[in-house]
Every structure is written in C-alpha cells, then in structure tokens.
Amino acid sequence: MSPMKVAKDKSIFVCTACGYDSAKWLGKCPGCGGWNTLEEEREAAASLRGGSPREPSRDLGEAAIENGERLVTGLKEFDGLLGGGIVRGSFVLIGGEPGIGKSTLMLQVAARLAGRAERVLYVSAEESFGQMRMRAKRVGAGADSLAVLCATDVTAILEEARKIKAGVVIVDSIQIIYHPQIPSASGSVNQVRECAGPRSAIPPASSSQSGGRGTPAAS
Ligand SMILES: [Zn+2]
C-alpha cells in the first residue's frame, strides 16, 4: 500500500467541543478532557471537500491588489481595530458577551458600508425582518439600501449573496448557521468550520475576476 493510499482512506475524529482531531476514536478528548466528544468526520464532509469548484490560476499581482483593498466604514475604532478597515476577501469574527452590542455594531457597520455604495447582505439568524428594521431606526442607521435576509442555511445565504453580488456579507450569528449536509448540530465545531470555512467564501463572479468577493463578518 502506498503512503498516499493510507492518507486517503484515513477517517478523522474531531472533538465537537474543542476541535481536537485524532486519527482514531478516543473516549476522552486530549484537547479539552471531555468524554465522548469525538465524532467521526462523515463521508458527506469528505466528499464535499473533494467536490469544491476549481478555481482558475490567477496573476500574483492581481491577488496583491485585492488583498490590499480595505473597506472603510468610517467608524474610527472599528476600522482601527482591523488595521484600517475590512480587508476585502477576508473573514472577520466578532465575539463578545451576550448583550454587549455586537448586533447593533454590525448593523452600523453594514449601514455605513451600504451607504458607501457597497452591496451588503445582512443575514439575521435570530431577529425577524421587522425587528431588524426597528433596530436600524433605533440606532439611526440610514440603511435603506441594505439587503436583509432572515436565514440559517448557509447554502441559501451563499446563493442570495451571489444573486445580489454582495461585496460584504454579515452573519449574525455564525453559531445559528448550519450546512444541511453536515450532520452535526449548528454551533458545533464542524458546523462553524464548514459555514465559516474557505469553501463558504463567495467565489469571484464568473463575469469579472474581482467582483462578488465575499467578506463575511460574523458576530
Ligand atoms: Zn475536546
């Protein structure tokens, strides 16, 4: 048996609590000490991985320009924290205690970017459209051109983001989002890794090479 064959057939067990992975199943997770937390990565995830669309080769110069581009919100502290704005094509995770104001901050960020001619998709997984509208009014975020989608299925979110050619996707919150082909519960390491992983990045629109790049931010 060649070494490549061995690697290909190997299944991986991942801890649902801390993400520790092991080649064999273990009753106790060496990462976090939890019992019976290791789950086998099912074939669905593995075959999905192999089936991702192939990206064409690109000039290095183009990538450098893309990576350098930052979306400035005008919210000084927020932009400063990110080193001068959101890097296009990047993924930013906003964390913090419940009730600290993450949703309000993200709505302000979304409204600012939408006001700067950026197509922004705000995915609300926990609040209804009506609640979102009230929040926007309350914080005085003039967000008339902000697209709001109330959804939790990552495939539906990506489909909508492509449809409206969103440059920025804000997901509130990533813990509620799930991929229908991943067997674990939403909020688990497997789900978050799938929904926030590179394969959930919005590929460049087929017509142009730089349009439609997603910048999902999750709170
Ligand atoms: Zn663990």
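Refer to the structure above for everything that follows.
An account of the accompanying structure is given in this report. (Residues numbered from 1 in each chain as written. Predicted model: local features only at pLDDT ≥ 70, side-chain atom pairs only at ≥ 80, totals over all residues.)

## Brief notes about the overall build of the chain
Each helix and strand counted, the chain has eight helices and ten strands in total. For the chain, buried positions account for 29% of its 219 residues. In the chain, the proportion of contacts linking residues at least 24 apart, taken out of those at least 6 apart, comes to 60%. (Helix = DSSP H or I, 4+ residues; strand = E, 2+ residues; numbered from the N terminus. Buried ≥ 20, exposed ≤ 12 C-beta atoms within 10 Å, placed from the backbone. Contact = placed C-beta atoms within 7 Å.)

## Concerning the nonpolar core
A110, V120, L121, V123, V169 and I170 are the most contacted members of the largest nonpolar core, which totals 35 residues. Among the secondary structure elements, those contributing two or more residues to this core are α5 (102-115), β7 (120-124), α6 (129-138), α7 (154-163), β9 (168-172) and α8 (189-196). The greatest single-element share of this core, amounting to seven residues, is contributed by α5. (Core = buried A, V, L, I, M, F, W, Y, C linked by C-beta atoms within 7 Å.)

## Side note on α5
In this model, α5 (14 residues) spans 20 Å end to end at C-alpha, consistent with the 20 Å of a helix rising 1.5 Å per residue. All of the buried residues along α5 are S103, M106, L107, Q108, V109, A110, A111, R112, L113 and A114. Note on α5: the residue one or two positions beyond its end, A117, has a positive phi of about 65 degrees. (Expected span 1.5 Å × (residues − 1).)

## Some points on the sheet that holds strand β1 (residues 13-15)
Spatially, the three strands line up as an open sheet ordered β2-β1-β3, and their pairing is antiparallel. Among the strands making up the open sheet, the edge pair consists of β2 (21-22) and β3 (38-40). Pairing analysis gives three bridges linking β1 to β3, with the strands arranged antiparallel. Residue pairing for β3: C15 is matched across the bridge by L38. (Pairing = 2+ DSSP bridges.)

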